[in-house]
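Notes for the structure review
The chain contents come next:
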Amino acid sequence: MLETSARLLKLLSLLQTHRDWSGGELAERLGISTRTVRRDVERLRELGYPVDAVQGAAGYRLGIGASLPPLLLDDDEAVAVAVGLRTAAGGSVADIEETALRALTKLERMLPPRLRYRVNALNTATVRVGAAGPVVSPDTLMAIADACRRRERLRFDYTSHRGGDTVRSVEPHSLVNFERHWYLVAWDTDRRDWRTFRADRLTPRTPTGPHFTPRQPPYGDTVTYLAHRLSSRAWPYQAVVTLHEPAEAIADRVWPGMGVVEAVDDHSCLLHVGAENLWALVWMITSVDADFTLTSGPPELANALRAQARRCLDALRG
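In this report, the structure presented in the accompanying data block is examined. Small disclaimer: the values here were computed from a predicted structure and weren't measured.

On to the packing of helix 4 (residues 75-88) against helix 5 (residues 97-110), then. It is at 8 Å that the axes of helix 4 and helix 5 come closest, and there the two elements cross at 150 degrees. Here helix 4 is positioned roughly antiparallel relative to helix 5, judged by the angle of their axes. Seen from above, helix 4 lies across helix 5 with left-handed handedness. For the pair formed by helix 4 and helix 5, the contact residues are A78, V81, A82, L85, R86 and A88 on the first element and E97, A100, A103, L104, L107 and E108 on the second.

What follows is the structure, given as structure tokens:
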């Protein structure tokens, strides 16, 4: 009985590699006859695993079932799932924390001591720092993701950052998770332009609309487009500075959402930035640690930069 159980687990592990197996290949890997393979496949089906027969060949593949049977994970996969669940327990999706913790508790009970030690060591040594962000209903995320996948128009009620309520109709492209915020990047059919929407501020309407042909997002991908939108949105203070280093050298010093780097030539680039106040704008520009020239900005920005320079010089004289 033990030999049969171990063989079934090995067979299931092979089938979970998401490829088609012939009966002969499985028999050779397991050291059994093709007849025994057929019997073991039937046992897996009785246990709830949807093992499909491959048409046109005497083979098998693991299909999609109506329920969730037990999964087999190797060591690295088990650790990755545990870390992912731990992260989800402190994430930005509403009402998922308790579910993630329950799943993590079940998984950790099943982990062998060596893997439990690795997971606990990582958790003990990790310090999580970050401001709390808005939470999003998982139903909202699933509705958006499903519309993106199906390429169906999505209508939703939306509350802007100023508090105004509107009904929007869009062709959803993708969801982007950025700094504890979820954003929908989509083509707005009424405004005939690309837009970004905070997922925590929208409520999907059902049913979804007609299918559409996907469009190419600006800048070639949604992440770059979102970075541009976040750095150039209606900030009270905006500026452009010329940095006297190539864009490749600057890219790692500018975090997503801080600003957008635009290459000029092999020796310089432009940095587009925005902020809530002048001093934040000064700090963002100078934090890049590069020689720069102020290209455009509010008149008072030049005075704020001079004041910062004098403050630094005074500190050295002291």
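What follows deals with the nonpolar core. Within soluble globular proteins, side chains that are nonpolar tend to cluster in buried spots. Formed by 21 residues in total, the largest nonpolar core has its most connected members in L243, I250, L271, V273, L281, V288 and L301. I144, V170, W182 and A199 belong to the second largest nonpolar core, which has 16 residues in total.

Right, let's get into the sheet that holds strand 1 (residues 21-22). Spatially, 1-3-2 is the arrangement adopted by the three strands of the open sheet, whose pairing is antiparallel. Only two strands of the sheet have a single partner each, and these edge strands are strand 1 and strand 2 (51-54). Here strand 1 runs beside strand 3 (residues 59-62); their pairing, made up of two bridges, is antiparallel. Bridge pairing in strand 3 links S22 to G59.

A word on the pattern of salt bridges. In a structure, side chains of opposite charge can pair up when their charged atoms sit close to one another. The final tally for this structure, using the stated rule, is 17 salt bridges. In this structure, the salt-bridge partner of D40 is R43, at a minimum N-O distance of 2.6 Å. With D40 and R43 both in helix 3 (residues 34-46) and three residues apart, the pair spans about one turn of that helix. For R43, a relative accessible area of 31% gives the class partly exposed. Of the charged contacts in the structure, one is a salt bridge between D75 and R114, with a shortest N-O distance of 3.0 Å. Of this pair, D75 sits in helix 4 while R114 sits in helix 6 (residues 113-125), and the two are 39 residues apart along the sequence.

Before going further, it helps to spend a moment on the sheet that holds strand 5 (residues 165-178). Sheets are built from strands paired through backbone hydrogen bonds, the pairs being either parallel or antiparallel. Strands sit in the order 7-6-5-4-8 across an open sheet of five strands; the sheet is antiparallel. Single-partner strands in this sheet number two, and they are strand 7 (193-198) and strand 8 (202-205). Going from strand to strand, the sheet's axes swing by 50 degrees on average, the running direction of each strand aside. The sheet contacts of helix 7 (residues 138-150) involve strand 4 (154-159), strand 5, strand 6 (181-188) and strand 8, and relative to strand 5 the element is tilted by about 85 degrees.

Between its first and last C-alpha, helix 3 extends 19 Å over 13 residues, near the 18 Å set by a 1.5 Å rise per residue. Listing the buried residues of helix 3 in full gives T36, V37, D40, V41 and L44. Viewed along the axis of helix 3, the buried residues span an arc of 140 degrees, placing them on a single side of the element. Away from the buried face of helix 3 by more than 90 degrees, exposed residues R35 and E46 are located. Immediately beyond the C-terminal end of helix 3, within one or two residues, lies G48, with a positive phi of roughly 105 degrees.

So, on to the packing of helix 10 (residues 278-286) against helix 11 (residues 299-317). Axes are the key here: two packed helices are described by the angle between their axes and the distance separating the axes. Relative to each other, helix 10 and helix 11 sit at 65 degrees, their axes nearing to 10 Å. Considering the relative orientation of helix 10 and helix 11, their crossing is right-handed. Residues L278, W279, L281, V282 and I285 of helix 10 lie in contact with helix 11, whose contacting residues are E300, L301, A304, L305, A307, Q308 and R311. Counted by class, the contact of helix 10 with helix 11 contains nine nonpolar, one polar and two charged residues.

Attention now goes to the packing of aromatic side chains. Summed over the entire model, instances satisfying the criterion amount to four aromatic pairs. Relative to F197, the ring of F156 lies with its centre 5.2 Å away and its plane at 80 degrees, an arrangement referred to as edge-to-face. Taken together, the residues F156 in strand 4 and F197 in strand 7 connect sequence positions 41 residues apart. Taking the relative accessible area as the measure of exposure, F156 reaches 0% and is therefore buried. Taking relative accessible area as the criterion, F197 reaches 1% and is therefore assigned buried. Here Y158 and F197 contribute two aromatic rings whose centre-to-centre distance is 5.2 Å and whose plane-to-plane angle is 85 degrees, an arrangement assigned as edge-to-face. Of this pair, Y158 sits in strand 4 while F197 sits in strand 7, and the two are 39 residues apart along the sequence. Here Y158 matches F197 in class, with each residue buried. These aromatic residues form a ring-pair network of at least three members: F156, Y158 and F197. Here R215 stacks its cationic end above the ring of W187, 4.1 Å away from the centre of that ring.

Calculation notes
Residues numbered from 1 in each chain as written. Predicted model: local features only at pLDDT ≥ 70, side-chain atom pairs only at ≥ 80, totals over all residues. Heavy atoms only, no water. Axes fitted to C-alpha atoms, helices over the stretch in contact; angles between N-to-C directions. Helix = DSSP H or I, 4+ residues; strand = E, 2+ residues; numbered from the N terminus. Parallel < 35°, antiparallel > 145°, perpendicular 65-115°, else oblique. Left-handed = near helix turned anticlockwise from the far one by under 90°. Contact = heavy atoms within 4.5 Å. Core = buried A, V, L, I, M, F, W, Y, C linked by side-chain atoms within 4.5 Å. Buried < 20%, exposed > 50% of the residue type's maximum accessible area, 1.4 Å probe, protein only. Pairing = 2+ DSSP bridges. Salt bridge = Lys/Arg side-chain N within 4 Å of Asp/Glu carboxyl O. Expected span 1.5 Å × (residues − 1). Arc of directions from axis to C-beta. Nonpolar A, V, L, I, M, F, W, Y, C, P; charged D, E, K, R; others polar. Phe/Tyr/Trp six-rings, centres within 6.5 Å; stacked < 30°, edge-to-face > 60°. Lys NZ or Arg CZ within 6 Å of the ring centre and 35° of its normal.

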